[in-house]
Amino acid sequence: MPDTTPLPPLAFQREASEIHQELMRASQAYLATRGDHRFADGRMFAKLLALILLCAGFYALSLQQQHFWAYFGCYVGFIFSAMMLTVNVVHDASHNAVFKRARLNHWLNIFVSMPLGLDADCWRVRHVIFHHAYNNIEGYDPDIEPNGVLRQTPFQRRKAFMRLQPYYWPIVAALTFPYYIWLFDWLDRAGKTRMTPKMMFQGRKGWGIFLLGKLAHFTLALAIPLWLTPPTIGVGTVLLTYLLSQMLSSLVFVMLIVGTHWAKANFYQAPEQGRLAHGWYQHVFATTFDWQASPAWLGYWLGGANLHLTHHLFPHWNHRHYPALSRIIEEVAPRFGIDYRVLELRELLRLQQRFLSAMGRKPS
């Protein structure tokens, strides 16, 4: 059962400010040269509209199908497009990197997250407030919480069957979205986790927005298909298609995001005195990778998820800037003795598997 005990304060060591100053100077110079800002622009809003239309188009097509495989293909397209909306929009809006006004970002999140079903506020708290502040720190980062089936840090209990986790982890990753949508979001909202006090809306208003979002998702993703699909597509088919679609999109999302932290295999325990032995910049470079999407346009449609270290260093920048920011990091980091590499996807997956194998082996 999730722990609701408040976490003790945790801080990083103070470190030299030169790298921060240099990254800020170079990034601001980049904006000034372009006469630009760090938020979304017209092309990003066109991309948002295109993804909404794609999602709606697949959904409408799915409701017109008479046979299983046609329905399955269109419905998978609907949920996968909803996942792409989450990657491209919810991620940025959670960091207030779409609109300049925070409240507009929040309401945009509520709207675009309905097709996939994740609660935008729960995800914002988990990702922005906890994961970004404490990534790869045992007990503080919700992305590496013990789950009984994957050993994700050297500090977690190993079970004998975990030696097989390099092979079965995709199943766990695929179940992440269904687990969050139908269990953990509810626990977060009900005050059963540490996330609840950090949510934007509390009490009746918070519950009202939460329940409306879940009802909208249930109506859109399940109730309407169950009502409109012909007898040739039964109730079981609709439910199975929903589950498999969520699992596929979940697998892709988790592989793109969590794998960038697994690959470096550096995890930390919170020290008793409440201050880690290293600084924040050192921590980000020690725990996160960027990887190269091929072809390059794929990274654009993945919402910059491949440049995840860049995202951690510049979380409040819209992902349209990540390629340029990555080049800035590549230029600045070596001046401070920092090894910054952009991996190929194949190398990232290899390191990811090596880490899972190491965590699954019996400690000597």
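Residues numbered from 1 in each chain as written. Predicted model: local features only at pLDDT ≥ 70, side-chain atom pairs only at ≥ 80, totals over all residues. Heavy atoms only, no water.

**Q** Explanation requested: the pattern of salt bridges in the structure shown.
**A** Oppositely charged side chains may form a pair once their charged atoms are brought near each other. What the rule picks out here adds up to 11 salt bridges. Linking D121 and R189 is a salt bridge whose minimum nitrogen-to-oxygen distance equals 3.8 Å. With D121 in helix α5 (residues 120-134) and R189 in helix α7 (residues 176-189), this pair connects stretches of sequence that are 68 residues apart. Using a relative accessible area of 4% as the deciding quantity, one classes D121 as buried. Linked by salt bridges that have partners in common, E22, R25, E331 and R335 make up one network. (Salt bridge = Lys/Arg side-chain N within 4 Å of Asp/Glu carboxyl O. Helix = DSSP H or I, 4+ residues; strand = E, 2+ residues; numbered from the N terminus. Buried < 20%, exposed > 50% of the residue type's maximum accessible area, 1.4 Å probe, protein only.)

**Q** Would you explain the packing of helix α8 (residues 203-228) against helix α9 (residues 235-257) in this entry?
**A** In helix packing, the relevant descriptors are the interaxial angle and the interaxial distance, both defined with respect to the helix axes. One way to put it is that α8 packs onto α9 with a least axis distance of 9 Å and a crossing angle of 145 degrees. Of the two elements, α8 crosses α9, and the hand of that crossing is right-handed. Here α8 contributes H217, A221, L222, P225 and L226 to the contact with α9, which in turn contributes V235, V238, L239, Y242 and Q246. Residue composition of the contact of α8 with α9, grouped by class: 8 nonpolar, 2 polar and no charged. (Axes fitted to C-alpha atoms, helices over the stretch in contact; angles between N-to-C directions. Left-handed = near helix turned anticlockwise from the far one by under 90°. Contact = heavy atoms within 4.5 Å. Nonpolar A, V, L, I, M, F, W, Y, C, P; charged D, E, K, R; others polar.)

**Q** Looking at this model, I keep getting lost on the side chain of H278. Mind explaining?
**A** Within the secondary structure, H278 sits in the loop between β2 (268-269) and α11 (280-287). Here the side chain of H278 touches H283 through a polar contact of 2.9 Å, side chain to side chain. With residues near it in sequence (within four places) discarded, H278 still touches F12, Q13, Y268 and H283. (Polar contact = N/O pair within 3.5 Å; in protein donor to acceptor, adjacent residues only side chain to side chain.)

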